[in-house]
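Coordinate inspection notes
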Amino acid sequence: MVWQLLAKPLLGVAADTVRGFVETKKAKAELKVTEIKAATKLKEDQIAGKIKWEASAVDQMKGSWKDELILICLLGPAVLVFFPGMTEHVEKGFIALQQLPDYYKHLLYIACSASFGLKAGKGAMGLIKKK
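All of these numbers come straight from a predicted model, not from anything done at the bench.

1. Notes on the overall build of the chain
Along the backbone of the chain there are six helices and zero strands. When the helices and strands of the chain are read in sequence order from the N terminus, they spell out α-α-α-α-α-α. Every one of the 131 residues in the chain was classed for burial, and the buried ones make up 11%. Here the contacts in the chain between residues at least 6 apart in sequence split such that 46% fall between residues at least 24 apart.

So this is what it looks like as structure tokens:
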């Protein structure tokens, strides 16, 4: 009789523990299935062309060093003007850049924009066609 009084609550606790463990395993399995379905849907949408170019480009550029290189090149003149004697060189550099052919400046614009995930091709092509 005493054994039954003690065993009933202990069995209830054990059953709750097992039930909780099973539910946790089931939830983790459902999460994995959901993640796989989402990744599959994303790939299908990319193949079908439904994903915007920017999102796809950003995803493809993960681990790419060219973004950092372009950012360093863009920030270089802004930093150099604070060093004595460098302002003149920075000014000469900008004058030289202004003298580059327009098509080359537009290509630089497109390349930098694409590197940062911006769609600038149409705008730059409009600039090129205006001339």
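2. Focus on the pattern of salt bridges
Across all of its chains, the model carries two salt bridges by this definition. One salt bridge in this structure joins Lys92 and Glu88, with 3.2 Å as the shortest N-O distance. Residue Lys92 and its partner Glu88 are both found in helix α4 (residues 87-98); the two are separated by four residues, about one turn of the helix. We note a salt bridge from Lys105 to Asp102, for which the minimum N-O separation is 3.5 Å. Linking Lys105 with Asp102, this pair stays in helix α5 (residues 102-115), spanning three residues, or about one helical turn.

3. A short note on a nonpolar patch on the surface
A grouping of Leu71, Leu74, Leu75, Val79, Leu80, Val81, Phe82, Phe83 and Phe116 is seen on the molecular surface, where their side chains present a nonpolar patch of about 860 Å² in accessible area. Residue placement: Phe116 occurs in the loop between α5 and α6 (121-130).

4. Brief notes about helix α3 (residues 66-80)
In this model α3 runs 21 Å from its N-terminal to its C-terminal C-alpha over 15 residues, within 8% of the 21 Å that 1.5 Å per residue would give. In the structure, α3 departs most strongly from a straight axis at Leu74, where the bend amounts to approximately 30° and where the proline Pro77 lies between one and four residues downstream.

5. Focus on the confidence of the model for the chain
Averaged over every residue, the pLDDT of the chain is 79; the share at 70 or more is 69%. Taking the mean pLDDT of every element in the chain, the minimum, 57, falls on α6 and the maximum, 94, on α4.

6. Overview of the packing of α3 against α5
Running from N to C, α3 and α5 cross one another at 125°; their axes reach a closest spacing of 9 Å. One way to sum up the angle between α3 and α5 is to call them oblique. The crossing of α3 and α5 is left-handed. Each of Lys66, Asp67 and Ile70 in α3 lies in contact with α5, whose residues at this interface are Ala111, Cys112 and Ser115. Among the residues making up the contact of α3 with α5, the classes are represented as three nonpolar, one polar and two charged.

7. Focus: the state of the cysteines
What the rule picks out here adds up to zero disulfides. Unpaired in this structure, Cys112 has its nearest cysteine sulfur neighbour in Cys73, at a distance of 8.2 Å.

Conventions adopted
- Residues numbered from 1 in each chain as written.
- Predicted model: local features only at pLDDT ≥ 70, side-chain atom pairs only at ≥ 80, totals over all residues.
- Heavy atoms only, no water.
- Helix = DSSP H or I, 4+ residues; strand = E, 2+ residues; numbered from the N terminus.
- Buried < 20%, exposed > 50% of the residue type's maximum accessible area, 1.4 Å probe, protein only.
- Contact = heavy atoms within 4.5 Å.
- Salt bridge = Lys/Arg side-chain N within 4 Å of Asp/Glu carboxyl O.
- Patch = residues over 30% accessible without salt bridge, like charges linked within 9 Å, V, L, I, M, F, W, Y side chains within 5 Å.
- Areas by Shrake-Rupley, 256 points an atom, 1.4 Å probe, with all protein chains shown as cover.
- Expected span 1.5 Å × (residues − 1).
- Bend = angle between axes of the 7 residues up to and from the residue.
- pLDDT = per-residue confidence, 0-100.
- Axes fitted to C-alpha atoms, helices over the stretch in contact; angles between N-to-C directions.
- Parallel < 35°, antiparallel > 145°, perpendicular 65-115°, else oblique.
- Left-handed = near helix turned anticlockwise from the far one by under 90°.
- Nonpolar A, V, L, I, M, F, W, Y, C, P; charged D, E, K, R; others polar.
- Disulfide = S-S within 2.5 Å.

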